[in-house]
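Single-letter residue listing:
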Amino acid sequence: MGTPPLGIIMNGVTGRMGYRQHLLRSILAIREQGGVLLSTGERVQVQPLLVGRRAAALQEIADRHDIADWTTDLDAALADDRWRVYADFQVTSARVAAIRRAIAAGKDVYTEKPTAETHAEAVELAELAASAGVRNGVVHDKLFLPGLLKLKRLLDSGFFGQVLSVRGEFGYWVFEGGWQPAQRPSWNYRAEDGGGIVVDMFPHWNYVLEDLFGRVESVYAKATTHITSRVDERGEPYAATADDAAYGVFELEGGVVAQINSSWAVRIDRDELVEFQVDGTHGSAVAGLFGCRIQPRNATPKPVWNPDVPDSRDYRAGWLEVPDNDPVENGFKVQWEQFVRHVVEDGPHPYDFASGARGVRLAEAGLESSATGRRVTIGSGVPAR
């Protein structure tokens, strides 16, 4: 007798991220391939239940993708034993209340980040899940970017020697919504609706830095709203009250210093939408979404500062491309497979609610630093790794 299907309540699939990444490219892709391969050699199939507020939209998605189950009644779904996992892709402001209900119903929980609007609520969710004995996981998709996987391979090989510093550049120009439609939803730019680049991106930077280089011990940040007026999806102007750019310096355990700029008000003069430069005693690397270039110590040029003479050296020509040695799947799908194994056979999954709480704490510390102009230490009250 095979492993029974894993029922998954998917709340928020009518949104862009919930539909494209979690439903279409993850759960339906897993269903199409015959389920998740377990360590025993068996497969467990996934069975989604779509949940949301708009019945017509849910039915349209269900019909389009041959999904049998959908509902607008979350409480009924949580009360049904057919569904073992609750997955949340709602706006952040609606997340905590729904996850509390899911934990109370005994469901294992997988959620988008940030897990909550405040660190206190994020810690509460971690403690509730631990007390209830439910398995829990948080999205950590950036670690599965092909460029960062190559960077991880370099770190594991000892390529850098001692890592000294990390410099990250993330962002692009998000149109204001007037003469060209904005390519991000308007709530992202309203603080009262949970928007802001700090609360969006600092939780990502936390797990990237923590997993690759070391836990964040302090942050100094400046968050600002460069574009103060935008136009929403209905063509109505609105005041942009959330930060659209943040410039941060992060001190990590072991002495590594990371500097990451995040902005939705920057025009791109780099190869990819995000790039990280890592400098070490034995070599350096620049990793993006897909590519990764390296320069070892014994191939490093020796520049001499002379502003009176044009420098004809092509510095970028001295970098080597790291090859695509291994196939790479969609990061959201890989995360889902990892979490399914965690639920079904207790496979490892370090990116839990405690990890999510640390990301929320970093976002809070970044905003506190920006408001006070001071460096903020990431101190007690942060769940341990």
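For the structure, see preceding data.
The present account deals with the structure reproduced in this document. (Residues numbered from 1 in each chain as written. Predicted model: local features only at pLDDT ≥ 70, side-chain atom pairs only at ≥ 80, totals over all residues. Heavy atoms only, no water.)

### Focus: the overall build of the protein
Thinking step 1. A count of helices and strands for the protein gives nine helices and 19 strands.
Thinking step 2. A compact globule built from 385 residues would reach a C-alpha radius of gyration of about 21 Å, and the protein, at 22 Å, matches this within 12%.
Thinking step 3. Oriented by its inertia axes, the alpha-carbon framework of the protein measures out at about 75 × 55 × 45 Å.
Thinking step 4. Among the 385 residues that make up the protein, the fraction classed as buried is 52%.
Thinking step 5. Of the roughly 18200 Å² that the protein leaves accessible, carbon and sulfur atoms contribute 51%.
Thinking step 6. In the protein, 41 positive and 52 negative side-chain charges are present, and the distance between their average locations comes to 2 Å. (Helix = DSSP H or I, 4+ residues; strand = E, 2+ residues; numbered from the N terminus. Rg over C-alpha atoms; globule rule 2.2 N^0.38 Å. Buried < 20%, exposed > 50% of the residue type's maximum accessible area, 1.4 Å probe, protein only. Areas by Shrake-Rupley, 256 points an atom, 1.4 Å probe, with all protein chains shown as cover. Lys, Arg positive; Asp, Glu negative; His and termini not counted. Charge placed at Lys NZ, Arg CZ, Asp CG, Glu CD.)

### A few points about the sheet that holds strand β7 (residues 108–111)
Strands in a sheet are paired, the pairing made by backbone hydrogen bonds, and the direction either parallel or antiparallel.
Thinking step 1. Spatial strand order, β5-β4-β1-β6-β7-β8: six strands in an open sheet with parallel pairing. The open sheet has two free edges, formed respectively by β5 (69–71) and β8 (136–138), since each of these has just one partner strand. Between one strand and the next, the sheet's axes are offset by a mean angle of 20 degrees, whatever the strand orientation.
Thinking step 2. Across the sheet, helix α2 (residues 55–64) touches β4 (46–51) and β5, and the angle it forms with β5 is around 170 degrees. (Pairing = 2+ DSSP bridges. Axes fitted to C-alpha atoms, helices over the stretch in contact; angles between N-to-C directions. Contact = heavy atoms within 4.5 Å.)

### Thoughts on the packing of aromatic side chains
Thinking step 1. Taken as a whole and assessed by the stated rule, the structure comprises 10 aromatic pairs.
Thinking step 2. Taking the centre distance of 5.7 Å and the plane angle of 70 degrees together, the rings of Phe170 and Trp205 count as edge-to-face. Here Phe170, found in strand β9 (residues 163–171), pairs with Trp205, found in helix α7 (residues 197–212); they are 35 residues apart in sequence, far enough to count as distant. Neither residue differs from the other here; Phe170 and Trp205 are each classed as buried.
Thinking step 3. Judged by centre distance (5.4 Å) and plane angle (65 degrees), the ring pair of Phe202 and Phe250 falls under edge-to-face. (Phe/Tyr/Trp six-rings, centres within 6.5 Å; stacked < 30°, edge-to-face > 60°.)

### What about the nonpolar core?
The tendency in soluble globular proteins is for nonpolar side chains to be buried as a group.
Thinking step 1. Leu151, Leu154, Phe160, Phe202, Phe213, Val219 and Phe250 are the most contacted members of the largest nonpolar core, which has 51 residues in total.
Thinking step 2. Top element by residues in this core is α7. It accounts for nine residues.
Thinking step 3. What Phe213 contacts, discounting residues up to four positions off in sequence, is Leu151, Leu155, Val163, Val166, Val208, Leu252, Glu253 and Val278.
Thinking step 4. The next biggest cluster of nonpolar side chains, apart from the first, holds 28 residues, and it includes Leu6, Ile30, Val46 and Ala62. (Core = buried A, V, L, I, M, F, W, Y, C linked by side-chain atoms within 4.5 Å.)

### Concerning the pairing of strand β16 (residues 283–287)
Thinking step 1. Burial of β16 is extensive: five of the five residues sit out of reach of the surface.
Thinking step 2. Burial along β16 is two-sided: Gly283, Ala285 and Ala287 and Ser284 and Val286, pointing in opposite directions, are all buried.
Thinking step 3. Here four bridges tie strand β15 (residues 274–280) to β16, and the two strands are oriented antiparallel to one another. Paired with Phe276 across the strands is Ala287, a residue of β16.
Thinking step 4. From the end of β15 to the start of β16, which pair antiparallel, there are two residues.
Thinking step 5. Across five bridges, β16 lies against strand β17 (residues 292–296) in antiparallel orientation. Looking at β17, one finds that Ser284 is bridged to Gln295.
Thinking step 6. The antiparallel hairpin formed by β16 and β17 contains four residues in its connecting segment.

### Some remarks on a nonpolar patch on the surface
Thinking step 1. Side chains of Tyr220, Val249 and Val257 sit close together on the surface and give an oily, nonpolar patch of about 230 Å² of accessible area.
Thinking step 2. Overall, the relative accessible area of 33% leaves Val249 in the partly exposed class. (Patch = residues over 30% accessible without salt bridge, like charges linked within 9 Å, V, L, I, M, F, W, Y side chains within 5 Å. Salt bridge = Lys/Arg side-chain N within 4 Å of Asp/Glu carboxyl O.)

### Considering the side chain of His65
Thinking step 1. Looking at where His65 falls in the secondary structure, it is placed in the loop between α2 and β5.
Thinking step 2. Each residue touching His65, except ones within four places of it in the same chain, is listed here: Tyr19, Leu24, Leu28 and Arg31.

### Things to note about the packing of helix α1 (residues 16–32) against helix α8 (residues 331–345)
Thinking step 1. Two elements in contact, α1 and α8, have axes whose closest approach is 9 Å; the angle formed by their N-to-C orientations is 60 degrees. Taken together, the axis directions place α1 and α8 in an arrangement best described as oblique. At the point where α1 passes α8, the crossing takes the right-handed sense. Contact residues: Met17, Gln21, His22, Arg25, Ser26, Ile27, Ala29 and Ile30 in α1; Phe332, Lys333, Trp336 and Glu337 in α8.
Thinking step 2. Classifying every residue of the contact of α1 with α8 gives six nonpolar, three polar and three charged. (Parallel < 35°, antiparallel > 145°, perpendicular 65-115°, else oblique. Left-handed = near helix turned anticlockwise from the far one by under 90°. Nonpolar A, V, L, I, M, F, W, Y, C, P; charged D, E, K, R; others polar.)

Keep in mind these values describe shape, not function.
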